[in-house]
Structures are given as structure tokens and as C-alpha cells.
Amino acid sequence: MRRPSKPSRVLPAFLALAGCASPAVPPPTVALPAATAAVAAIEAAVPAAQPPIAPPTASGDMIFDAWASEFQGRALAAGIQPDVLAREMAGLTPDPRVGALDSRQPEFSKPIGDYLRGVVTNDRIAVGARRAADTPMIADIESRFGVPRQVLIGVWAMESGFGAIQGDNDTLRSLATLAAQGRRRAWAEGELIATLQIIQSGEFPRARLRGSWAGAMGQTQFIPSTFLSTAVDEDGDGKRDIWGSSTDALASAANLLAKGGWVRGQGWAREVTVPPGFDFSLTEGPREIPAWWAAKGVKPADGKEWSYNDSEAPAQLIAPAGANGPLFLLLPNHFAIRKYNNSIAYALGVGLLADRLAGGAPLSKPWPQETSLSLVDRMTAQRALTALGFDPGGLDGVVGMGTRKALREWQKARGLTADGYLSPDMVARLKTEAAAAPAS
Ligand code: CA
């Protein structure tokens, strides 16, 4: 998850959580037998009708204390030992900052080009190159997981500024606050139980489990369930130290990408050009090999051939800043990066940083000047699309896949460039057309 200052916070996908696309997975090697035994012990010792232990918190916040009281039964059922639970819940209070951040809805969306200009900077590329050179085990990590070091450095840069900005919140308290608030209760409780499992296993005490307000921890910004399922002890000291060990952090990131389907030896995307009059309604559509796209005039922007491995890969066209911005054919590895954080902008940031770290040139087509859209603009466009019979799949002000698809269909029906890009001009046209349409 992002730190508050990170630009992706304000992108539509700002709530996408690192690793949360991976389902909660039982802990791999830690604590299960002991936890199972603990549950059996509790079941044997405690009559079912009686609360197993005293109410865990007395924070003075009625909603929080009521939630904590109910949660303890679920935590015990999940195998958390009563003494661990009682110790960690004692004195726990909700964190008011977490509540405020979680309910924040940004007023203006940040244009993707502005975001990526801020991500892919010469300074960051220089620091990334130095950090790669300072990490001797990166070659081993690369060969073991099949993920290029430049991609790992790109993830490291995006997640924590190469480990410099990890967040200093008590992960257990942050997740308890989110769980008590209830908007994402099932998710937050699952992560809270994973946090308790880490503590119970003895791998790290609670004091070490620091992270973002949304529960993402360490240099990799792993949520606790992802830590349990995916973190790696690469330096061999017996602990998967994603906070203090860059080697462990980079291997853990590589493991997440490998589990997300990273294809060894393939790229992640190519910048492409299209011929005049191209049908942009193909964006975010079919996944076809580069030769299929070449038959439609879609070619690498640098004029170079596709590598053999890439030429065999199904590729999807995107126009993230519209028809006037850079265009990309996304290879399967783009979608592996999206397992880390399911945001096109995030994955482009990682990939474009990686390309530059590997010595690649800047984009042949720069990001165009874009205009921020207000929440009202975005919701107005969604309402207009709905009224005109093009269902965006919700009126939440988030311009996601559904909104872009509806927009492309409306653009195509009106003879406009069907790139699915919501510009101020498109908002104005939609508003005018919807106002003129007869009420249904
Ligand atoms: Ca280690």
C-alpha cells in the first residue's frame, strides 16, 4: 500500500493493496501445529457458551470495543492462542489517523502522465542503479526467480523508495482500526489474524511489524498474509526480514512476481505506434501475438524487431493517456506486476523504470499535457453514460475498466476516437448529450 505522499494514492486504484490480489493463504511453515493444538486445548477447556476470555479492550470507543469483543472469538477459532490474543489486544485503541485516511476520497484525479513523470526520473534511475550495484545477491535472486533485477529495483523504488519509506505504523493497530470501522472488515480481520500468526510464530515480535496505515509492511510493503505466504529468507539468517534486509526484500518481491506468473525471458511491454485511422476500440481488448497486431499496423515505436520470446506472447494494447499519448502492447509480465498492485499506472511505473535501468531510451512519445478531472466531473460522465445506455458499471467516480469500456462504446457509436480516455472535452460532450436526451 502506498504511503500518503506517494502519487498513486490519488489514482483511481489508490485503494489497491500490495499483494491483496493473492488470496489469503495459510501460513507456510510457521505455527500451524501449535495453533491447532491451542484450539483443541481451548475447546477442551472452555464450555462453548461461555466467553473464552475477558473483553479484550477498553479503549473507550464503543464501536471499537464491541468489535474487539466479537473478534476475539474469530481469532481463537483461527488458531490464535488465548495468551497471545490477550497480550496483544490489551490496551489497544483505534488509530484516528487510519480512520481519516481510509475514508479520504481525493477530489481530483491525478493524470497518469503527471504521475509517471514523477515516478520515472533521472534521479531515481541513478539511485536504482547504485542500489542494484550495492546488492551483491541480486544476481542470485534474478536467476532463482527469473525476474530481471531492473524490475525488482523498479518495485523496490515504487514500494518504499528503496527501503527508505516503509511506514512506521503499528500494523496490528492499523488493521484493528480498519476492521472495527467495518468498510473492509473481512479483509482487515484476515490480515489482523495473519499479523497475530506472525507474532505467535516467534518470527518477529509486534514491535517489528511496522508499516503503512493500511497494513503494508517493510521494504516490499507486503500485507501480513502476503508476508506469510510469500516472504523469503534469502540471506539465510533464519528470518524473512523484509524490513531490515534488502536481500530478503528483493527476493520476496521476486517471489511475489514469480507466483504472479512472471514469464522468465519475456519483457513486460513495448511502446508501439499505430497507423492513421486506427480503431482505438481495440484498446484493453484482445490479447494477441505481436504479428496479429503488426497486421493492423501496430509496431514497436523504436523500430526494432520483437525478441523471439516476446513475439510468441499474447499482447494487449493500451492507450493510458488516450490516443494522443504513448501506446503500449502489454505482455503477460505486465499482468504479473499487477499482482503486486492492480493499477495500470503502478505497473507502467515499475516497467518503465526497469526499462530505463536496463539502458533503454525514454518513451518515443512523451506524455501529453492532461487536465485533472474532479470527482464531480467523473461522476457526471458516469451518470451521462448510464443515461445514454452505456453502462459504466457504477457511479463511484472511479474511472476503471467498466467506465473506459462504456466510454469506448459511446465514442465508437458517435464516430469519435474510441480510446476510452475521459478528457474534459468528453465530459462536456457527454453532459450535453445526456441533458438533451429525453428522460427515460
Ligand atoms: Ca533473512
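To start, this report covers the structure provided alongside it. Along each chain, residue indices are assigned from 1 in the same order as the chain's sequence is written. Owing to the predicted nature of the model, reporting of local features is limited to residues with pLDDT of at least 70; listing and counting of side-chain atom pairs is limited to 80 or more, with chain, interface and lining totals taken over all residues. Neither water nor hydrogens contribute to the side-chain values; these are computed over all heavy atoms in the structure.

1. A look at the coordination of the calcium ion
Coordination sphere of the calcium ion, protein contribution only: Asp-233 (OD), Asp-235 (OD), Asp-237 (OD), Lys-239 (O), Asp-248 (OD) and Asp-248 (OD), at 2.2 to 3.1 Å. Here's how the labels work: a residue is buried when its accessible area is under 20% of the maximum for its type, exposed when over 50%, partly exposed in between, all with a 1.4 Å probe on protein chains only. The exposure class of Asp-248 is buried, given its relative accessible area of 0%. Here the term donor refers to an N, O or S atom within 2.8 Å of the metal (or 3.2 Å for Na, K and Ca), and because water is left out of the atoms, sites may appear incomplete.

2. A few points about the pairing of strand 6 (residues 327-330)
Residues Leu-327 and Leu-329 line one face of strand 6 and the alternating positions Phe-328 and Leu-330 line the opposite face, and both faces are buried. When DSSP finds two or more bridges between a pair of strands, those strands are recorded as paired. The helix count covers DSSP runs of H or I at least four residues long, the strand count covers runs of E at least two residues long, and both are numbered beginning at the N terminus. When strand 3 (residues 269-273) meets strand 6, the two strands line up antiparallel, connected through four bridges. Counterpart to Glu-271 in the pairing with strand 6 is Phe-328. The pairing of strand 5 (residues 316-318) with strand 6 spans three bridges and is classified as antiparallel. If you follow Leu-317 over to strand 6, its bridge partner there is Leu-329.

3. Examining the nonpolar core
Residues grouped as a nonpolar core are buried Ala, Val, Leu, Ile, Met, Phe, Trp, Tyr and Cys residues, joined through side-chain atoms within 4.5 Å. Counting residues in each nonpolar core, the largest one holds 87 residues, and the members touching the most others are Trp-67, Phe-71, Phe-227, Leu-257 and Leu-348. With nine residues, the top contributor of residues to this core is helix 16 (residues 344-357). Any two residues whose heavy atoms approach within 4.5 Å are treated as being in contact. If we skip the residues at most four places from it in the chain, Leu-257 touches Val-147, Val-151, Leu-152, Val-155, Trp-262, Ala-336, Ile-337 and Tyr-340. If you look at the next biggest cluster of nonpolar residues, it comprises 15 residues, including Trp-293, Val-298, Ala-315 and Leu-331.

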